[in-house]
Structures are given as C-alpha cells and as structure tokens.
Amino acid sequence: MLTYGPDGSAYLMVMAYPPDSHTPPGHVKGGMFVSKSIDGGMTWSNPITMTPRDWTWGKWHDKNAITANPLDPNLVHATWTLFHSGNTSLAYSDSMDAGFSWSKPTNIISQRPVKDTEPPTENNDSQAGAQIVVLNDGTLVNLMSNTVSENQGNAGYDSQVSILRSFDDGGNWERDPIYFADIVTTFRGFWTCSAFDVELKVPVRDGQCFIPDIAVNFANNKLYVVWQDAWFNPDGLAGAVISMSSDGGDTWTDPIQVNQVAPESQAFLPTVEVADDGTVGVLFYDFRN
C-alpha cells in the first residue's frame, strides 16, 4: 500500500516472504517492509524491516496498510493482521522520524472476551482489512472487520465493521472496538459475501466481507466506510454498501446501497474517497459487461 506525507514523501509498505520463509520452524515467516521516495517515486530507499526475523511473536503477517500523518511529516502509521497459533491480532507500528526507523509492533486487539461474564459468552476472534485515517484533531481511526464468535459449541459467529481509535498518536488505543454494522453473508457451501462468477459457478477471489475501505473529509471529520456484503440483495449476492459518521466515529448511519444500477449484477471490491468539497466517490467492480 502507498501513502503520501504532507511534504510529498511517498511510503510503500509491502508484505514480503523470502524463499526460505518456511524454515527454520518457529521463526517469523517473512514480514512487513517499508521503502521511501522523496522524488515522486523515481527512486526508493532500501526496504526497512518492521518485523525482524528474530521476533518470534508472529507467524503470518497479512493485509497491511500504511498512512502518513497529514499533520506531521515525521509521523507515519502502519497496521496489519497477524496470524499466530490459530489466533489473530491487529498489529500497529509507527515511525516518528519520517520512515527511517519503526517502533516494535504492538498488539492493539486480539482474541479476548467481548462480554465480561464468567465464562465469557463471546470472543473477538479475528480482525482483518485494517486501515488508518487521521482526523484533523490528530485522532487515529483504525478501521477493520471484526469477527465475534459465541462460546457455545458451534453456535456461530458474526462479522462486523468496526473501528478502534487512538487519541495520542498511536501510543494507546481504545480497548473495545466500536461496532457499527453487521456484515451480511450468504451460504454457498460456506458462509461468504464474495461475488459469484455466474458463468464458472465459483466464488470470485475478492475482498469478501473482510476488506472494508475508509475515507475522511479532513475539513469536518466526516468518516465514510464502504464494504461488500449481501445486505440489500434478496438472492444473497454481493453488493457495495456505505455508512457515514459525522462525530468522529462515535455513531454511524445505517448502511445504504451504493450500486443502484443493476444491483442483480453484483458489486464487489468497493473503495471510497471524499473530495475537499464533500463529494463522495465509490469505485467498485460489477458483472454488467
């Protein structure tokens, strides 16, 4: 993923796995790396490792995003999912010197009880698709999809769009996510909200329900989040939906459908941006052609 700082510097964050990434056992299998360009992308620095190979906390680093802080050219934020021993964690690292060095990744949310009961009835099981935006007061808003399971046999699970916030440049994060929408799935041999290839009769390898996208209007801190799910389609087909917050993420509107034209054609992989004048644009794929 690519981001630009207020001074024009570009930062490219990649997930890299070397040929020997499966050995030796017990070590980090690849990790996250960042390169910087100060000349508009003509040349790039050598990659800087965020996840040293001798750091054995994690096994599999995935679904990364990087955000240059628009208020401070020296501050850059990175977040991703860390899979480890059947569990997932949401990792966070930042740079305070314009990308030359990075903090040791910290675990800002992982599998733990949602409700303080004994025994707990629900767990945060997994987080994916994390992405950070910065409000004009410096608040960090980390978007993700969060899967919550019930601790009662195979009672099931729910996936929800949610956020975590930090009010001190990433030093501390809210303990519990703010959930603002359920992700509606349909059963095709397994629960999914992937688009379905109508000719080959197979799911599309898309963002499924787990890769939402976020944008912020920096003038008024309105937040916009899009994701794909089967919320509005009676046949359980993938569609693009959007929700908005006008109070920095405390409350959110009910999702509305974006793909108004030929919704039966399915819409998938939506992304969102907002212009300075408040115009919101959503880009997505569909099968009309």
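Structural notes, computed from the coordinates. Small disclaimer: the values here were computed from a predicted structure and weren't measured. (Residues numbered from 1 in each chain as written. Predicted model: local features only at pLDDT ≥ 70, side-chain atom pairs only at ≥ 80, totals over all residues. Heavy atoms only, no water.)

Attention now moves to the overall build of the chain. When its secondary structure is counted, the chain shows zero helices and 23 strands. Expressed as a percentage of its 289 residues, the buried residues of the chain come to 47%. When contacts within the chain are restricted to residue pairs at least 6 apart in sequence, long-range pairs at least 24 apart make up 48% of them. (Helix = DSSP H or I, 4+ residues; strand = E, 2+ residues; numbered from the N terminus. Buried < 20%, exposed > 50% of the residue type's maximum accessible area, 1.4 Å probe, protein only. Contact = heavy atoms within 4.5 Å.)

Turning to the nonpolar core, a few remarks are in order. By size, the foremost hydrophobic cluster in this structure holds 19 residues, and its most contacted members are F180, L223, V225 and W227. Mapped onto this core, the elements with two or more residues apiece are β11 (140–150), β12 (157–166), β13 (178–182), β18 (213–217) and β19 (222–229). Sequence-distant contacts of V225, defined by excluding residues within four places in its chain, comprise L143, V161, F180, P212, D213, I214, V241, I242, S243 and W252. Residues Y11, M50, I66 and W102 belong to the second largest nonpolar core, which totals 13 residues. (Core = buried A, V, L, I, M, F, W, Y, C linked by side-chain atoms within 4.5 Å.)

Turning to the pattern of salt bridges, a few remarks are in order. Enumeration over the complete set of coordinates arrives at four salt bridges. Note that K63 is salt-bridged to D62, the shortest N-O span being 2.9 Å. Using a relative accessible area of 29% as the deciding quantity, one classes K63 as partly exposed. Owing to a relative accessible area of 13%, D62 belongs among the buried residues under this scheme. A salt bridge links D250 to R165, with the nearest nitrogen and oxygen atoms 2.8 Å apart. Of the two residues, D250 is situated in the loop between β20 (239–245) and β21 (256–257) and R165 in strand β12; the sequence distance between them amounts to 85 residues. Overall, D250 belongs to the partly exposed group, its relative accessible area being 45%. You can call R165 buried: its relative accessible area is 8%. Taken together, the shared-partner salt bridges in this structure form one network comprising R165, E174 and D250. (Salt bridge = Lys/Arg side-chain N within 4 Å of Asp/Glu carboxyl O.)

The next thing to look at is the sheet that holds strand β2 (residues 10–16). Reading across the sheet, the four strands line up as β1-β2-β3-β4 and stay open at both edges, with antiparallel pairing between neighbours. Two strands in the sheet have a free side with no partner beyond their single neighbour: β1 (2–4) and β4 (48–49). Bridge count for strand β3 (residues 31–37) against β4 is two bridges, and the pairing is antiparallel. Across the sheet, the residue bridging to F33 is T49, located in β4. (Pairing = 2+ DSSP bridges.)

Across the seven residues of β20, six count as buried, placing the element largely inside the fold. Where β19 meets β20, seven bridges bridge the pair, whose relative direction is antiparallel. Considered in β20, the bridge of D229 is made with G239. Bridge analysis of β20 against β21 gives two bridges, and the strand direction is antiparallel. Looking at β21, one finds that I242 is bridged to I256.

The quantities given are spatial measurements derived from coordinates; they are silent on function.
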